[in-house]
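# An overview of the molecular structure
Residue-level listing of the chains:
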Amino acid sequence: MPKIILNQAIVEDSWFKVDLEAELPASGKVLLPYPLWLSGDFDAGAFEAVAVWIPNDTVLDEQAEKLTELPVVAIDFPAFTDGRGYTLARQLRERFNYDGELRAIGDVLQDQLFYMTRCGFNSFAVREDKSIEEAMQSLKPFSGAYQAALDKPQPLFAERWS
């Protein structure tokens, strides 16, 4: 079973990611593609649990409010150089108040994890050809951050005056 980083611990991934054109499995926990999930063209009762993965070019609108009911929302990073997933994570956490597992999937590398955490991710499916143990070490590369973010709303300079 593949492993992921969840809340700064390495755990087994119990979710099966369904690709866009793939057939649905018979049962289990499934991460459905956003377009399929929106269409509702599946039998949710056939699965132990249903969650969703969204492409990084998704525009979140009023439909995104339904995402807050899901246990997992995964955001796909097709290339590590494409940062649109960071924006989606912030939107889900700040605008839609999503408080479940927010997972980074796709081309996820260890040098991104610290910054992904600052944007609201708490789960990471590290690329298969990379070491998940080494990736774990990169979650805390700095003792502090200057900028305000989701993980620390007050900037560092403001701490001096409080």
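For the structure given in this document, a descriptive report is provided here. (Residues numbered from 1 in each chain as written. Predicted model: local features only at pLDDT ≥ 70, side-chain atom pairs only at ≥ 80, totals over all residues. Heavy atoms only, no water.)

## Observations concerning the overall build of the chain
Summing up its helical and strand segments, the chain has five helices and eight strands in all. Starting at the N terminus and walking to the C terminus, you meet the elements of the chain as β-β-β-β-α-β-β-α-β-α-β-α-α. A total of 162 residues make up the chain; the buried ones form 43% of that total. Relative to all contacts within the chain whose residues are 6 or more apart in sequence, the contacts with residues 24 or more apart total 49%. Total accessible area on the chain stands at roughly 9200 Å², and carbon and sulfur atoms take up 51% of it. (Helix = DSSP H or I, 4+ residues; strand = E, 2+ residues; numbered from the N terminus. Buried < 20%, exposed > 50% of the residue type's maximum accessible area, 1.4 Å probe, protein only. Contact = heavy atoms within 4.5 Å. Areas by Shrake-Rupley, 256 points an atom, 1.4 Å probe, with all protein chains shown as cover.)

## Things to note about the environment of Met136
Along the polypeptide, Met136 turns up in helix H4 (residues 132-137). For Met136 and Leu113, which are 23 residues apart along the polypeptide, the C-alpha to C-alpha distance reads 8.5 Å. What Met136 contacts, discounting residues up to four positions off in sequence, is Ile5, Gln8, Ala9 and Ile10.

## Re the packing of aromatic side chains
In this structure the tally under the stated criterion is five aromatic pairs. For the pair Phe114 and Tyr115, a centre-to-centre distance of 5.2 Å together with 80 degrees between the ring planes defines the contact as edge-to-face. A residue is classified by how much of its surface remains accessible, and Phe114, at 12% relative accessible area, is buried. A relative accessible area of 42% places Tyr115 in the partly exposed class. A centroid spacing of 6.5 Å and a plane angle of 40 degrees characterise the contact between Phe121 and Phe124, whose relative ring orientation is tilted. Members of the aromatic cluster, connected to one another through ring pairs, are Phe77, Tyr86, Phe121 and Phe124. Lying over the aromatic face of Trp53, Lys17 brings its terminal NZ or CZ to 4.2 Å of the ring centre. (Phe/Tyr/Trp six-rings, centres within 6.5 Å; stacked < 30°, edge-to-face > 60°. Lys NZ or Arg CZ within 6 Å of the ring centre and 35° of its normal.)

## What about helix H2 (residues 84-94)?
Looking only at H2, the buried set comprises Gly85, Tyr86, Leu88, Ala89, Leu92 and Arg93. Viewed along the axis of H2, the buried residues span an arc of 160 degrees, placing them on a single side of the element. Of the surrounding secondary structure, the elements contacted by the buried residues of H2 are strand S5 (49-54), strand S6 (72-77), strand S7 (101-106) and helix H3 (113-119). (Arc of directions from axis to C-beta.)

## Observations concerning the sheet that holds strand S2 (residues 9-12)
The sheet built from eight strands is open, its strands ordered S2-S1-S8-S7-S6-S5-S4-S3 with mixed pairing. Across the chains shown, the open sheet's two edge strands, defined by having one partner strand only, are S2 and strand S3 (15-17). Summarising the sheet, S5 and S6 pair through three bridges and their orientation is parallel. Paired with Ile54 across the two strands is Ile75, which belongs to S6. On top of the sheet, H2 reaches S5, S6 and S7; it is set at about 160 degrees to S6, its chief contact. (Pairing = 2+ DSSP bridges. Axes fitted to C-alpha atoms, helices over the stretch in contact; angles between N-to-C directions.)

## Concerning the pattern of salt bridges
Counted by the stated rule, this structure contains seven salt bridges. Between Asp129 and Arg127 there is a salt bridge, with the nearest N and O atoms lying 2.7 Å from each other. Asp129 sits in the exposed class, given a relative accessible area of 54%. Through salt bridges with shared partners, a single network forms among Asp13, Glu101 and Arg103. (Salt bridge = Lys/Arg side-chain N within 4 Å of Asp/Glu carboxyl O.)

## Some points on the pairing of strand S1 (residues 3-6)
Across a regular strand the side chains alternate sides, sitting on one face of the sheet and then on the other. Note: S1 against S2, four bridges, orientation antiparallel. The partner of Lys3 across the bridge, within S2, is Glu12. With antiparallel pairing between neighbouring strands as the criterion, S1 and S2 make up a hairpin whose turn holds two residues, including Asn7 at a positive phi of roughly 50 degrees. Bridge count for S1 against strand S8 (residues 123-124) is two bridges, and the pairing is antiparallel. Bridge pairing links Ile5 to Phe124 in S8.

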